[in-house]
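Reading the structure
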Amino acid sequence: MTRINKAACIGGGVIGGGWIARFLLAGIDVDVFDPHPEATRIVSEVLANAEKAYAMLTGAPLAPRGKLTFRETLEQAVADADWIQESVPERLDLKRKVLTEIDKAARPDALIGSSTSGLLPTDLQRDMRHPERLFVAHPYNPVYLLPLVEIVGGEKTSMETIQAAMERLPPIGMKGVHIAKEIEAFVGDRLLEALWREALWLIKDDICTVETLDDVIRYSFGLRWAQMGLFQTYRIAGGEAGMRHFLAQFGPALKWNWTKLMDVVDLDDALVEKIGQQSDEQADGLSIRELERIRDENLVGILQTLKGGHGGKGWGAGKLLKDFEEGLWARASGSKKLTDIAKPLRLIETKVSPAWVDYNGHMTEHRYLQVFGDTSDALLRLIGVDFAYVERGHSYYTVETHIRHLGEAKLGHAIHSTCQLLSADDKRLQVFHTIYETATGEAIATAEHMLLHVDAKAGKAAPAPEEVLSKIRPIAEAHAKLPVPDGVGRHVGQKR
Ligand SMILES: NC(=O)C1=CN([C@@H]2O[C@H](COP(=O)(O)OP(=O)(O)OC[C@H]3O[C@@H](n4cnc5c(N)ncnc54)[C@H](O)[C@@H]3O)[C@@H](O)[C@H]2O)C=CC1
Ligand SMILES: C[N+](C)(C)CC(=O)CC(=O)[O-]
């Protein structure tokens, strides 16, 4: 995978700030130019929210955060970047000027993406000396959580540029979609604009309030769209006869004179005030930053649920998250060395995410098993049982588990886990994991597991090969000298 080494962000507002966070949290250094007097504060607040969200989003080992530098001039910011992202206000004259300045000061091999939500790349690249490297990279807010980027080339954009841009997105957890033909507002904003136009009429005509309209979306098709989009959802709505039947049944209705889609509502003072007031009531005193945090927690929960979709293979944006995490684990296991095996191995660092909390306000039961399972996976990667090993047809399966709950893990708390290897032979690994609350060092749960090495194709136990056993032996020998942890061998109902 081709990676971005150094990024520059020109403009650090809502979207520039989101890009900055996305790059930094993927371990990429970012230079920023934004003349706004409060740019540093604004970016640091967005970054703080993004870090909170990532702590909940994934337990995979993120790369160390990149270095953030604010520069005095645009030229300084772009000087040694290989991806430059322009996110200045949506005005053609301003964007053209800024992009031409970037073009002059950037490295010859730098890629230049514009965040524009509607302007044509052909118009943006008009005055550039090297227009072939300019493309639209249109993201969605919040850029650090929503993975989509619409990649759109102009008349002078080269296909190499499009390919290079597409390749650089997966390592930062994003999905590029190449839009085949340039068109104002691309695909996403065309759809959103259609919805928004209709929505403004419904408010103006007093059909409903902004809150009712939002409820209609979020309690119904908004939930469907997040995981299946429009066409796949409608395929299912056609019943067993599928899409063709759906089109035959509901297509003719499109000709009925229902919508006001092509008329633009007059956003006069009265309508602006009406929407403003209804929106204030709906917010119920929550600040924008608070709303952002609620939005982020919900998005994290949805992404994690989608990660477990399709029978655990991951679905849609959740599949992307799963692939991103697998990349992080693979990179980390390549660099992780067993330096200190004389004590239980500290293997997982994570935080209790919103999707993990139950009606008692603490981490729900099956998430303990998830963290313990992740701990076993981390041990397996250390002994060479990684994705490639599993693909070759062998693995370890857990055949027995006993969990003890000793304390509570609350929302947002940092937790970590350790593993003590109790015994090992050529087929079996007996492990004892402990989850600690990181701030207090208090043990909040333990688990004892038996893992069995299997030939997955034959579906039966098989001895592990020497390449794996040779990595297990030193850990087993070192851990044999440790005291037996309290709780080993316990069963349910046993007196303490
Ligand atoms: N806000 C949104 O939901 C989305 C916006 N976009 C696009 O992203 C771009 C930026 O929009 P927002 O971040 O929402 O605007 P914003 O107003 O929040 O941020 C724009 C930033 O650009 C800075 N700026 C102005 N002139 C500059 C210059 N000459 N050099 C460097 N920085 C300069 C401003 O100080 C400000 O911080 C626009 O093209 C917009 O269409 C794309 C996706 C979503
Ligand atoms: C309002 N907007 C056109 C700037 C929105 C976008 O471009 C994408 C988004 O995040 O909704």
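In this text the structure is predicted, and so the values were computed from the model without any measurement. (Residues numbered from 1 in each chain as written. Chains lettered and ligands numbered in written order. Predicted model: local features only at pLDDT ≥ 70, side-chain atom pairs only at ≥ 80, totals over all residues. Heavy atoms only, no water.)

Moving on to the site of ligand 1. Around ligand 1 sit 22 residues, and of these Ile15, Asp34, Glu90, Lys95 and Ser117 come closest. Residue Ile15 places a main-chain N or O atom 2.9 Å away from an oxygen atom belonging to ligand 1. In the model, an oxygen atom of ligand 1 is placed 3.4 Å from a nitrogen or oxygen of the Val88 main chain. Expressed as a share of its isolated accessible area of 830 Å², the protein-covered part of ligand 1 is 75%. Of all the secondary structure elements, the ones that give two or more residues to the shell around ligand 1 are helix H1 (14-25), helix H4 (92-105) and strand S6 (134-139). Grouping the amino acids of the shell around ligand 1 by side-chain chemistry returns nine nonpolar, ten polar and three charged. (Near = heavy atom within 4 Å. Polar contact = N/O pair within 3.5 Å; in protein donor to acceptor, adjacent residues only side chain to side chain. Areas by Shrake-Rupley, 256 points an atom, 1.4 Å probe, with all protein chains shown as cover. Helix = DSSP H or I, 4+ residues; strand = E, 2+ residues; numbered from the N terminus. Nonpolar A, V, L, I, M, F, W, Y, C, P; charged D, E, K, R; others polar.)

Another aspect to go through is the site of ligand 2. In the vicinity of ligand 2, the residues found are Ser117, His138, Tyr140, Asn141, Asp189 and Leu192. Taking Asn141, its main chain carries an N or O atom lying 3.0 Å from an oxygen atom of ligand 2. Here Asp189 contributes a side-chain N or O atom positioned 2.6 Å from an oxygen atom of ligand 2. Here ligand 2, which alone exposes 320 Å², has 50% of that area covered by the protein.

Moving on, we come to the nonpolar core. Among the nonpolar cores identified, the biggest contains 77 residues, and Phe23, Trp83, Leu145, Ile383, Tyr396 and Ile415 are the most heavily contacted of them. With eight residues, the single largest contributor to this core is helix H2 (residues 39-57). Here this core spans two domains, since at least three of its residues come from each of domain 1 (6-186) and domain 3 (337-479). By size, the runner-up hydrophobic cluster in this structure holds 24 residues, among which are Leu74, Leu94, Leu119 and Phe186. (Core = buried A, V, L, I, M, F, W, Y, C linked by side-chain atoms within 4.5 Å. Buried < 20%, exposed > 50% of the residue type's maximum accessible area, 1.4 Å probe, protein only. Domains from an automatic or database assignment.)

Before going further, it helps to examine empty space enclosed by the protein. Applying the stated rule across the entire model yields one cavity of 30 Å³ or more. Empty space within the largest cavity amounts to approximately 110 Å³. Forming the walls of the largest cavity are Arg22, Tyr54, Leu57, Tyr144, Leu145, Pro147, Gly173, Leu303, Ala317, Leu320, Leu321 and Phe324. Only H2 and helix H13 (317-335) provide two or more residues apiece to the lining of the largest cavity. Classifying every residue of the lining of the largest cavity by side-chain character gives ten nonpolar, one polar and one charged. (1 Å grid on protein atoms, 1.4 Å probe; cavity = no way out; pocket = protein on both sides within 12 Å on 5 of 7 lines; lining within 4 Å. Points joined across faces, edges and corners; volume = space filled by probe spheres on them.)

Here the focus is a negative patch on the surface. On the surface, a cluster of negative charge is contributed by Glu211, Asp269, Glu273, Asp280, Glu281 and Asp284. Within the fold, Asp280 resides in helix H11 (residues 269-283). Judged by relative accessible area, Asp280 falls into the exposed class, the value being 58%. (Patch = residues over 30% accessible without salt bridge, like charges linked within 9 Å, V, L, I, M, F, W, Y side chains within 5 Å. Salt bridge = Lys/Arg side-chain N within 4 Å of Asp/Glu carboxyl O. Lys, Arg positive; Asp, Glu negative; His and termini not counted. Charge placed at Lys NZ, Arg CZ, Asp CG, Glu CD.)

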